[in-house]
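Spelled out from the first residue to the last, the chains are:
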Amino acid sequence: MGERYARQLLLKEVGPAGQERLAAASVLVIGAGGLGSPVLLYLAAAGVGRIGIVDDDVVEMSNLNRQILYTVGDVGQPKARVAAGRLREINPDVATVAYERRFAGPEAVELVRAYDVLLDASDNFPTRNLANEAAVAAGRPLVHGSVRQFEGQAAVFNYRQGPCYRCLFPSTPAQAGEADRAIIGPVAGLIGAVMANEAIKIILGAGEVLSGRLLLYDALAMEFRILKVQKNPSCPVCSGRG
């Protein structure tokens, strides 16, 4: 396993057996932007064996305050392709697959089923709802994160018969306005790091996964709160599935 993973191999929750589990695992990340950047960097650095990246966008100059995977030289290039290449530079042990398309359509469930864990780092409610539906249909845990301005949230859904995203958000909020697009970079970095850590915990079977709980972060007040999330027995997505 070499020197690369020496520090995490010291952890009793990892060790050689845990590192082998990470190497054998696969994750699918929807969105390679502000949240997806730290998610992808940390998962690759940890040695997760196969990482799929779904994004149909190209790098823009306005992305660079928070999308730390990219440089000025990447502007105009497809995010998924650039991200996959950068992860291979960071850790050649990791196999990356770039899906240069929107996460949509009937093939979404089959795509999710090809991976062990789904991470939703998207920035819109239709994609979040579809990611949740695909995760439930495919029987895969969903790691969720979202950010706006100086605030962020994270949770794990559809984990061991726990609540799904629609249990928490039964209706789709109004489309985000200009204020909701505003974001300070470190908030995305922090929530993305939480998402990556939850995925690693799921793979390792370590610690208490953020299922049935919603982590809320307020950077201006420097406060963290955790709210309980109950499974909705009438949920249109996951009711009757355990």
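Residues numbered from 1 in each chain as written. Predicted model: local features only at pLDDT ≥ 70, side-chain atom pairs only at ≥ 80, totals over all residues. Heavy atoms only, no water.

Engineer: What exactly am I supposed to notice about the overall build of the protein chain here?
Structural biologist: The number of helices and strands found in the protein chain is nine helices and eight strands. The C-alpha atoms of the protein chain give 17 Å as radius of gyration, which agrees with the globular expectation for 242 residues (18 Å, within 12%). Dimensions of the protein chain, computed from C-alpha atoms along their principal axes, come out at roughly 50 × 40 × 40 Å. By the burial criterion, 50% of the 242 residues in the protein chain qualify as buried. For the protein chain, long-range pairs separated by at least 24 residues make up 65% of all intrachain contacts whose partners lie at least 6 apart in sequence. Of the roughly 11,300 Å² of accessible surface on the protein chain, 52% is carried by carbon and sulfur atoms. Across the protein chain, the 25 positively charged side chains and the 24 negatively charged ones have centroids separated by 5 Å. (Helix = DSSP H or I, 4+ residues; strand = E, 2+ residues; numbered from the N terminus. Rg over C-alpha atoms; globule rule 2.2 N^0.38 Å. Buried < 20%, exposed > 50% of the residue type's maximum accessible area, 1.4 Å probe, protein only. Contact = heavy atoms within 4.5 Å. Areas by Shrake-Rupley, 256 points an atom, 1.4 Å probe, with all protein chains shown as cover. Lys, Arg positive; Asp, Glu negative; His and termini not counted. Charge placed at Lys NZ, Arg CZ, Asp CG, Glu CD.)

Engineer: For this particular structure, what's the right way to read the nonpolar core?
Structural biologist: Side chains of a nonpolar character, in soluble globular proteins, are inclined to be buried together. Residues Leu40, Leu43, Ile51, Ile53 and Leu119 are the most contacted members of the largest nonpolar core, which totals 47 residues. Secondary-structure elements contributing two or more residues to this core are β1 (26–30), α3 (36–46), β2 (50–54), α4 (79–90), β4 (117–120), β6 (151–157), α9 (185–204) and β7 (213–218). The biggest single contributor to this core is α9, with ten residues. Those residues in contact with isoleucine 53, other than ones at most four positions away along the chain, are Leu28, Val29, Ala32, Leu40, Ala80, Ala83, Ala84, Leu87, Val97, Ala98 and Tyr99. Formed by 21 residues, the second largest nonpolar core is a distinct cluster that contains Leu28, Phe103, Leu111 and Leu214. (Core = buried A, V, L, I, M, F, W, Y, C linked by side-chain atoms within 4.5 Å.)

Engineer: Would you take a moment to explain the pairing of β7 for this structure?
Structural biologist: Two faces, one strand: in a regular strand the side chains alternate between the faces of the sheet. Across five bridges, the pairing between β6 and β7 is antiparallel. Note that in β7 the partner of glutamate 151 across the bridge is aspartate 218. Inspection of the sheet shows β7 paired to strand β8 (residues 223–228) by six bridges, in the antiparallel sense. Each bridged residue has a counterpart across the sheet, and for leucine 215 the counterpart in β8 is isoleucine 226. Where β7 folds back onto β8 in an antiparallel hairpin, the turn is made up of four residues, including methionine 222, whose phi is positive at roughly 50°. (Pairing = 2+ DSSP bridges.)

Engineer: Help me out: how do you make sense of the pattern of salt bridges in this one?
Structural biologist: For side chains of opposite charge, pairing can occur when their charged atoms come near one another. Summed over the entire model, instances satisfying the criterion amount to eleven salt bridges. In this structure, glutamate 89 engages arginine 86 in a salt bridge whose closest nitrogen and oxygen atoms are separated by 4.0 Å. Placement of the pair is glutamate 89 and arginine 86 together in helix α4, with a separation of three residues, close to one helical turn. We classify glutamate 89 as exposed; its relative accessible area is 63%. Shared partners join several salt bridges into a network, and the residues in it are Asp74, Arg86 and Glu89. (Salt bridge = Lys/Arg side-chain N within 4 Å of Asp/Glu carboxyl O.)

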